[in-house]
Each structure stands twice: as structure tokens, then as C-alpha cells.
Amino acid sequence: MRLQAPFSTILLLAATTAIAQPFGGPQTNSFPSPDPIIRAIYAEAMDSSKLEWLAHELLDVIGPRLVGSPSQQKAHDWAVRTFQQWGVSARNEQWGMWRGWERGITHIDLLEPRVRTLEGTMLAWSPGTKKGGVVANTVIMSDPVDSIDFRKWLSSVKGKFVLISPPQLTGRPDDNWEKFAVKESFDRLKEQRKKINDEWMARVRKTGFRADTLANLLEQAGAAGVITNRWSMGWGVDKIFGTNARKAPVVNLSLEDYTLVYRLTESGKKPLVRIEAESKFTGPQPALNTIGEIKGTEKPDEYVVLSAHFDSWDAGSGATDNGTGSILMMEVMRILKKYYPNPKRTILVGLWGSEEQGLNGSAGFVADHPEIIPKIQASFNQDNGTGRVTSMSGAGLLSAGEFLGRWLSHVPSGVTQHIKLNLPGSPAGGGSDNASFTAAGAPGFSLGALDWDYFLYTWHTNRDTYDKLVFDDIKNNAVLAACLAYLASEDPQFMPRVQRVLGPDRQGNPGRWPQPREPERAGGIDKK
């Protein structure tokens, strides 16, 4: 169904009032439009959802999708097959190469002064150990006088595991302290924690090297391995990234076990630790985006883009970052193909690679498709967890409010009642893949989600797994994204690109619109 005249004449007032209050008014669900496609989208998303199946296949069966890993390739191939089974044209596009790496097991034990199996895992791209593992004592990174003193100390790390993170005084989150502790006790904890962290940062500065190069220096000095902890300030949760080490394994221990080993080392108990870690470097591997397409019938050379990054870090399953955004956009394409198979404009979905290393996949798409970018009506990106969408911004485009307000006014109120609009908003300079489109001048809108303690518990952590998904909220988002794609495709008007004047930056310089960045097309690959 094509939208009739009222669609193009709804006042901007609907959008501007939403700046200060949730869009949609009543808390009970209603359909502002009699449009049968919108009603079919809602019914399909709510009653016949494939989200749980998609999540199981992607998160439980394939697992995390670190760029350059076999699981990344499996995920892209699976997405293409799944789209094609739904009748959606799909392909994988290569935008670069990445250092290939395959994770094996990680097993870590404390052997002395008592036996305990420790909770931990390798960092991404860590070298493995020899077969059977490595047994060594531990040493805490020195507090040197200066870089010369640090270099002298390096000779003492040969054959040892080096602890390079500060200790934590507590494994209880702050809200637990706020709930149970007396104020003086909690204040004292915060003061002591700040003192420890400040002194540790000063310790690193005095080495003369950056924290992210310490593992390389230590392995060159003959260290048996490097042990870290990056606590996320929540129960049992750490943020786990990657390493550039080439010879010595680099592992993250849980807060509980890292601080145990740290205390034993500090008190002179000479803890003996065994690390068995398997990994394999597999040479340069293709870095991919998966592109799905429903071809437009009236304006096939204009586009609506659905956007989510497909890659993840690999200590968990990449569930809320960004499995949720990925299965959301796949579900939206399934629904649109079923109920809106002949769109006015072409609808593209992009499942981007290597967002985590700097928006590389989406930046590669933007750079490689200059014919598409000026003809994008709108792109909608989702990448901050499992929650229902609660915020949208005009991304600095002066006409965005008129268009977003018009489209949102047709979406069922049970979906839009949560959403606040920020108009005209500001262009995203980074953060997620909508920034790649915004920088190139295309309307790049982020579908901002309810937090669900995302940054504390699942963002880049070892607990980002299937069980953290809230499917009712993702269904809500499927209705929203499918309706927005449909309405943007049908709109007789094309969104103008007039940009707001940006205020001065922190240094007082005139504000500048973000500029496109060139993607890293040879990630982690030695350049000879």
C-alpha cells in the first residue's frame, strides 16, 4: 500500500513536542494509521517472531564473531544463507583483510600455596602456550623510579608470569556498598580505590611506555606470560579485549582470582600458577560485510539502510554487542520481505565487520559505494544492547525532525511511547556505524536502547551471552525498525541534507562536521 496525502502533511509539531516528552502519549497500544502493512508488521513481529531461533543459531551455535576468526566467517556465511532462504538477495562483500586467529581452550590453575582452578581466559589474538601449558611463579610489575630503572627491572621477569593490573579492594559493585555500608565506610573505600588507581597509572607512566605495549616488552624480556584484570565494576564481570603480544600468552583473570594471586604475590607466598592456553594464528583472512537487499520498484536507485555490526569481542558470545542489533535487522528484513516485497525504494541491510576496531566495515562500505551514499533516504542503526528503543536524534540534520516525526506518527503507540527525540541533534563522530554514514553526508540515525546495565554487565564483557537478551524489547524494536524502513521507503519526499551549524569545540574552535575516515584494510597484519 502506498501512503496517501495525510502522510505527507502531518505537522512538524508532532516531532518537536517529542523533544521534551515520550512520543506517542497514551500507554495503551493503538494504531494511529489504518495501514494494513503496519498492522501486519506488528502482528508478525509479536506473534510469529524468529528472534529466539536467530539468537540461538548466532550466539549459541556460532558464538562470538571476532574479526579474522573462523566464527566470523561462519556467521557471515550463515547470514547469507538465512537471507536467501527468506527470498532476500544477499552477499558477502570483502572490504579488507585481518590477522587470522582461532581461540582454543584456556585453563588456569593455582598450584601453590594451595590448589585452585582459576577463572580466566586469553585475550583475543593472544599466543598460546606450549603443549601441556607453562608453570611459573608470579611477579608484580615494578614501581620504577624512571624508565631506566624499569629497563633494569625487566631482567628479573624471565620465566615468570607478570601481573600488570592494579588490585581491587572489593568485588562488590558500588550499588551494593550504597545499599549496605555506612557512608563513612563507602567514602573511605572510594578514596582508597582512587589512590590505588592513580598510583598505578603513575607507575605505568614512569616505565616510559604505554600500557598497551607492556605485554610486548615483557615477552621480549623472557616473561612466561602476562596476567591482567579489567573489572567492569559489577558482580563477576570483566571487560576483555585483545593483545598485540606475539610469543607470551596474555590472560585475564576474574577479579576474585586476580586479587587472590596478587595478594599472595605481594605477601611473599610465591604463588605457582599453571596456564594452558591454545590458540592458532591462521594468516590473513578476509574481512567481510553481509549485505541483504530488497530491490525497489519505483526508485530502485534510492535507498533505506538497516544497519548493525556483526562482529564482536570473543570472551562472551557477543549477545548484546551486537548480536541483538544483528538479529533485529535480520528479523526486520524477513518481515519486510513477507509483507512489503516490492518497496518503492531499495531496502538494504548491512551487517558490518570490525566495528569494534574502529567502524571499519561500515567505513569500507561507505568508501566502496560512492554511488549509494548520496541516494540514501535514511539509515537506521542499532547497537547498544537488548533494550527497547527509547531515544532517537536528528543527527544534526535540520529536516530530520519533519521526516522522523511523520514516520513515527504512524507507528503503533505501544512502540513509540518510550521514544524521546532530540532535534536537530548532533552528528555522531564515532561510537557506532551510523557515524560512518553521517560523516559521508547521509542521514545516519541511531536507535538508542534502554540501558539494562549494558555498559556495566555486557558491553565487551565475559558475560555478554544469550541469557541476557530481553526478547519482548527486541520484538518492540523489530516493529519500530520495520515500520521506519517501510515509511521511509514510501515517503514521496527525499530527506534534505541541510546540516545545522555546530557550536565551538572544547578548545573554542569552530565546530566541524565529522569527516569520513578510511578503514583499516589490513588489520593486525605485519606490513613488510
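Residues numbered from 1 in each chain as written. Predicted model: local features only at pLDDT ≥ 70, side-chain atom pairs only at ≥ 80, totals over all residues. Heavy atoms only, no water.

1. Description of unusual backbone geometry
What you tend to see is this: most non-glycine residues have negative phi, and most peptide bonds are trans.
Here is step 1 of the chain: Cis peptide bonds are those with omega within 30 degrees of zero, and the linkage from Glu112 to Pro113 qualifies with 10 degrees.
Here is step 2 of the chain: Mapping Pro113 onto the fold places it in the loop between strand S1 (89-112) and strand S2 (116-118).
Here is step 3 of the chain: With an omega of 0 degrees, the peptide bond between Asp321 and Asn322 qualifies as cis.
Here is step 4 of the chain: Positive phi, normally seen in glycine, also occurs at Trp125, with a value near 70 degrees.
Here is step 5 of the chain: A positive phi is found at His460, a non-glycine position, where the angle reads about 65 degrees.
Here is step 6 of the chain: By the secondary structure assignment, His460 is in the loop between helix H16 (454-458) and helix H17 (471-490). (Helix = DSSP H or I, 4+ residues; strand = E, 2+ residues; numbered from the N terminus.)

2. Observations concerning the sheet that holds strand S15 (residues 420-422)
Here is step 1 of the chain: Strands sit in the order S15-S14-S17 across an open sheet of 3 strands; the sheet is mixed. Looking at which strands have only one partner, the edges of the open sheet turn out to be S15 and strand S17 (448-449).
Here is step 2 of the chain: Inspection of the sheet shows strand S14 (residues 389-393) paired to S15 by 3 bridges, in the parallel sense. The residue bridging Ser393 from the neighbouring strand is Asn422, located in S15. (Pairing = 2+ DSSP bridges.)

3. A few points about helix H5 (residues 70-85)
Within an α-helix, residues lying three or four positions from one another point in the same direction, as the helix has 3.6 residues per turn.
Here is step 1 of the chain: A rise of 1.5 Å per residue sets the reference length of H5, with its 16 residues, at 22 Å; its end C-alpha atoms lie 23 Å apart and thus fit the reference within 8%.
Here is step 2 of the chain: Looking at H5, one finds that the buried residues are Ser71, Gln72, Ala75, His76, Trp78, Ala79, Val80, Thr82 and Phe83.
Here is step 3 of the chain: In the core, the buried residues of H5 are packed alongside helix H4 (51-62), S1, strand S10 (272-294), helix H11 (319-339) and strand S12 (345-352).
Here is step 4 of the chain: Looking one or two places after H5, you find Gly87, whose phi comes out positive at around 85 degrees. (Expected span 1.5 Å × (residues − 1). Buried < 20%, exposed > 50% of the residue type's maximum accessible area, 1.4 Å probe, protein only. Contact = heavy atoms within 4.5 Å.)

4. Examining helix H8 (residues 183-207)
Here is step 1 of the chain: Taking 1.5 Å as the rise per residue, H8 with 25 residues should run 36 Å; its terminal C-alpha atoms sit 37 Å apart, in good agreement.
Here is step 2 of the chain: Among the residues of H8, Phe186, Leu189, Arg193, Trp200, Arg203, Val204 and Thr207 are the ones counted as buried.
Here is step 3 of the chain: One or two positions beyond H8, positive phi appears at Gly208, with a value near 85 degrees.

5. Observations concerning the nonpolar core
Here is step 1 of the chain: Counting residues in hydrophobic clusters, the biggest one holds 70 residues, and the most contacted among them are Leu336, Phe380, Met392 and Trp407.
Here is step 2 of the chain: Examining the composition of this core, we find that 13 residues originate from one element, H17, more than from any other.
Here is step 3 of the chain: Counting residues in hydrophobic clusters, the runner-up holds 51 residues, among them Trp95, Trp98, Leu110 and Ile227. (Core = buried A, V, L, I, M, F, W, Y, C linked by side-chain atoms within 4.5 Å.)

6. Concerning empty space enclosed by the protein
Here is step 1 of the chain: What the rule picks out here adds up to 2 cavities of 30 Å³ or more.
Here is step 2 of the chain: Estimated volume of the largest cavity: approximately 60 Å³.
Here is step 3 of the chain: If you trace the largest cavity, you find it lined by Ser312, Trp313, Asp314, Ala315, Gly316, Gly318, Asp321, Glu356, Thr458, His460, Thr461 and Asp464.
Here is step 4 of the chain: Grouping the constituent residues of the lining of the largest cavity by class yields 2 nonpolar, 6 polar and 4 charged.
Here is step 5 of the chain: By volume, the second largest cavity amounts to about 30 Å³.
Here is step 6 of the chain: Lining the second largest cavity, in full, are Glu119, Trp231, Gly236, Val237, Asp238, Ser254, Leu255, Glu256, Asn462 and Arg463.
Here is step 7 of the chain: Every element with two or more residues in the lining of the second largest cavity is listed here: strand S8 (237-238) and helix H10 (255-266).
Here is step 8 of the chain: Tallied by class, the residues present in the lining of the second largest cavity amount to 3 nonpolar, 3 polar and 4 charged. (1 Å grid on protein atoms, 1.4 Å probe; cavity = no way out; pocket = protein on both sides within 12 Å on 5 of 7 lines; lining within 4 Å. Points joined across faces, edges and corners; volume = space filled by probe spheres on them. Nonpolar A, V, L, I, M, F, W, Y, C, P; charged D, E, K, R; others polar.)

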